Amino acid sequence: MRAVLATGPGQLTVTSVPDPTPGPGEVVVAVRSCGICGTDLHLLAGDLGTDRFPLVPGHEPWGEVVDAGASGYRAGDLVAVDPSLHCGACDPCRRGQGNMCQRWAAIGATRDGAWAQYAAVPAANLHLLEPGFPFEVAPLAEPVACAERGLRRLNPHPDQPAIVYGAGTMGLIMAILLDTRGVGPVTLVEVNPARRALAARLTAADVRAPEDAAELKAPWVVEATGNPAAFEQALASVARAGTLLVFGVARPEATAAVSPYRLYADELTIVGSMAILHSFPAAVDTLRRHAARLAPLVTDRFGLGEAEAALALVRSGETIKTVLTPEEPT
Ligand SMILES: [Zn+2]
Ligand SMILES: [Zn+2]
């Protein structure tokens, strides 16, 4: 089959590789599309520490089951794939906190993923997309599952204001999901003017530059940039007794200033949210119910052979969700 193969940090080739062979409990999926996200850029640069090259990247696939094995799925079923691989045996896994798994692994990171015509994945990672599902939003299943997990951590009340810092893919998804839950008004704070214009078109949020949001306060605040300065502004904007969700991925060595007095005196809560935990079914349901609002976030599609161009577009920041669409399997 055709696949995008990362052979080392910064080294990518589109080539022919053997078709994947499913292990016990696994199925083979013909990939309809697979997204590219910031995590992939880190992985390709070699700074995730996975040092698992050669690797077929791609952790946001959906597609058609072609070899169901003994899974109970049928050939022809359309499915979205949760990339998380939790060992099930370590202490965090036994406590139900698989995203903290001590043997953390993921499809498209520690084993071959789905920037390819086919992917072999555990049947336990599949989520059926029923006939009639709005497939135009299927590429968003993985990022929306991350957002659903984040919203559970934030646990916002409806009819109260929220502020989201960062109008990247995840910030936009957060702003839309908060709105669909009746949380609002939602303000979206974004540094980049082009992204502000995009955000104003695609969300119902009040979109502002950071300097125009300095006085804002809300009980529900989401930091979706990973930038320490944005984190500090986000924390400053949490109203008394409010909660800050740290959702953006900062550099591991980054630090930011926190006032212990404010945490005490204003009874602030700070929560983090890492990847997906029990939130994939909720994401599939959200996509089905709010497809019309989420579909415009899938902005760009490329064939496997155009992977370099697709990655360049993602690096430029001038896209929301870019997906790779394999050629029709032969
Ligand atoms: Zn991703
Ligand atoms: Zn585990």
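Residues numbered from 1 in each chain as written. Chains lettered and ligands numbered in written order. Predicted model: local features only at pLDDT ≥ 70, side-chain atom pairs only at ≥ 80, totals over all residues. Heavy atoms only, no water.

**Let's talk about the nonpolar core**
Using the following cut-off: The criterion is simple. A nonpolar core is a set of buried Ala, Val, Leu, Ile, Met, Phe, Trp, Tyr and Cys residues joined through side-chain atoms within 4.5 Å. Any residue under 20% of the maximum accessible area for its type is buried, any over 50% is exposed, and the rest in between are partly exposed; the area is computed with a 1.4 Å probe on protein chains only. Domain limits in this description derive from either an automatic procedure or a database domain assignment. What makes two residues a contact is simply this: any of their non-hydrogen atoms within 4.5 Å.
Grouped together as the largest cluster of nonpolar side chains are 49 residues, with contacts concentrated most on Leu188 and Leu297. Counting contributing residues per domain, this core is built from domain 1 (2–131 + 296–324) and domain 2 (145–272), each supplying no fewer than three. Non-local contacts of leucine 297, meaning those with residues more than four positions away in its chain, are made with Leu140, Leu172, Ile173, Ile176, Leu202, Ile320 and Lys321. Val4, Cys34, Val79 and Trp115 belong to the second-largest nonpolar core, a separate cluster that totals 29 residues.

**Thoughts on the coordination of the zinc ion (ligand 2)**
Rules: Distances define the donors: N, O and S atoms within 2.8 Å of the metal qualify, as do those within 3.2 Å of Na, K or Ca. Water is excluded, so some sites may look unfinished. Any coordination sphere not matching a tetrahedral pattern (four donors, all angles between 85 and 135 degrees) or a square planar or octahedral pattern (four or six donors, opposite donors over 155 degrees apart, other angles between 65 and 115) is reported as irregular.
Of the protein atoms, only Cys87 (SG), Cys90 (SG), Cys93 (SG) and Cys101 (SG) coordinate the zinc ion (ligand 2), at distances of 2.3 to 2.4 Å. For the zinc ion (ligand 2), the 4 donor atoms in the first shell make angles of 103 to 118 degrees at the metal, so the coordination geometry reads as tetrahedral. Here the donor residues of the zinc ion (ligand 2) are spaced in sequence according to C-x2-C-x2-C-x7-C. Judged by its relative accessible area of 32%, cysteine 87 falls in the partly exposed class.

**Some thoughts on the domain arrangement of the protein chain**
Quick note on the threshold: By buried area we mean how much accessible surface two parts lose on assembly, using a 1.4 Å probe and totalling the loss over both. The term salt bridge refers to a side-chain nitrogen of Lys or Arg lying within 4 Å of a carboxyl oxygen of Asp or Glu. As used in this structure description, the phrase polar contact means that two N or O atoms lie within 3.5 Å; if the pair is within protein, one of them must be able to donate a hydrogen and the other to accept it, and residues adjacent in sequence are counted only when both atoms belong to side chains. When residues are sorted by character, Ala, Val, Leu, Ile, Met, Phe, Trp, Tyr, Cys and Pro go into the nonpolar class, Asp, Glu, Lys and Arg into the charged class, and all the rest, Gly among them, into the polar class.
Domain parsing of the protein chain yields domain 1 (2–131 + 296–324) and domain 2 (145–272). Centre-to-centre separation of domain 1 and domain 2, based on C-alpha positions: 28 Å. Taking both sides of the interface into account, the surface hidden between domain 1 and domain 2 amounts to around 620 Å²; carbon and sulfur atoms contribute 67%. The interface formed by domain 1 and domain 2 includes 0 salt bridges. Along the contact surface separating domain 1 from domain 2 lie 3 residue pairs in polar contact (both at pLDDT 80 or more). Grouping the constituent residues of the side of domain 1 that touches domain 2 by class yields 3 nonpolar, 3 polar and 1 charged.

**Concerning the packing of helix α3 (residues 141–154) against helix α8 (residues 280–289)**
Put simply, the rule is: Between N-to-C directions, angles span 0 to 180 degrees; the directions come from axes that are lines fitted to C-alpha atoms, helices contributing only their stretch in contact. The way it works is that DSSP assigns letters per residue, a run of H or I at least four long becomes a helix, a run of E at least two long becomes a strand, and they are numbered from the N terminus. Small angles under 35 degrees read as roughly parallel and large ones over 145 as roughly antiparallel, with 65 to 115 read as roughly perpendicular and the rest as oblique. Crossing handedness follows the turn of the near helix against the far one: under a right angle anticlockwise gives a left-handed crossing, and clockwise gives a right-handed one.
Where α3 contacts α8, the axes come no closer than 8 Å and their chain directions differ by 110 degrees. Considering the angle they form, α3 stands roughly perpendicular to α8. Relative to α8, the crossing made by α3 is right-handed. Contacts between α3 and α8 pair Ala141, Glu142, Val144, Ala145, Glu148 and Arg152 from the former with Phe280, Ala282, Ala283, Thr286 and Leu287 from the latter. Taken together, the residues that form the contact of α3 with α8 break down as 7 nonpolar, 1 polar and 3 charged.

**Some thoughts on helix α4 (residues 169–180)**
The following threshold applies: Helix span, expected: 1.5 Å multiplied by one less than the number of residues in the helix.
The terminal C-alpha atoms of α4, which comprises 12 residues, lie 17 Å apart, in line with the 16 Å expected from a rise of 1.5 Å per residue. Counted residue by residue, α4 has 9 buried out of 12 residues, so it is predominantly covered. Along α4, the positions that sit buried rather than exposed are Thr169, Gly171, Leu172, Ile173, Met174, Ala175, Ile176, Leu177 and Leu178. Downstream of α4 by one or two residues, glycine 182 has phi in the positive range, about 80 degrees.

**Observations concerning the sheet that holds strand β12 (residues 206–208)**
Going by this rule: Whether two strands pair comes down to DSSP finding at least two bridges between them.
In space, the 6 strands of this open sheet follow the order β12-β11-β10-β13-β14-β15, with parallel pairing throughout. The two strands at the open ends of the sheet, each matched to only one other strand, are β12 and β15 (269–272). Across the sheet, the axes of successive neighbouring strands diverge by a mean angle of 20 degrees, strand direction being ignored. Examined bridge by bridge, strand β10 (residues 162–165) and strand β11 (residues 186–189) share 4 bridges and lie parallel to one another.

**With respect to a nonpolar patch on the surface**
To keep it simple, the criterion reads: Every patch collects residues that have over 30% relative accessible area and no salt bridge, joining them within 9 Å if they carry like charges and within 5 Å if they are nonpolar side chains (Val, Leu, Ile, Met, Phe, Trp, Tyr). Each accessible area value is a Shrake-Rupley result obtained with a 1.4 Å probe; residue values ignore everything except the protein chains displayed when judging cover.
A cluster of nonpolar side chains, Met100, Trp104 and Met274, forms an exposed patch at the surface whose accessible area comes to about 300 Å². By secondary structure assignment, the location of methionine 100 is in the loop between α2 (91–94) and β7 (105–106).

**Thoughts on the packing of α3 against α4**
For any two helices packed against each other, one specifies the crossing angle of their axes together with the interaxial distance. Packing of α3 against α4 brings their axes to within 10 Å, and their N-to-C directions diverge by 60 degrees. Judged by the inter-axis angle, α3 sits oblique to α4. Between α3 and α4 lies a crossing of right-handed hand. Across the interface between the two elements, Pro143, Val144, Cys146, Ala147, Glu148, Gly150, Leu151 and Leu154 from α3 touch Met170, Ile173, Met174, Leu177 and Leu178 from α4. Looking at side-chain class alone, the contact of α3 with α4 contains 11 nonpolar, 1 polar and 1 charged residues.

**Let's talk about the packing of aromatic side chains**
Let me state the cut-off plainly: Only the six-membered ring of Trp is used, alongside the rings of Phe and Tyr, when aromatic pairs are assigned; centres must lie within 6.5 Å, and planes under 30 degrees apart are stacked while those over 60 apart are edge-to-face, with the rest tilted.
In total, this model carries 3 aromatic pairs according to the counting rule given. Taking the centre distance of 5.5 Å and the plane angle of 15 degrees together, the rings of tryptophan 62 and phenylalanine 135 count as stacked. With tryptophan 62 in strand β4 (residues 61–67) and phenylalanine 135 in the loop between β9 (126–128) and α3, the pair connects residues that are 73 residues apart, well separated along the chain. Given the relative accessible area of 8%, tryptophan 62 is considered buried. Among the aromatic residues, those joined into a ring-pair cluster are Trp62, Phe133 and Phe135.

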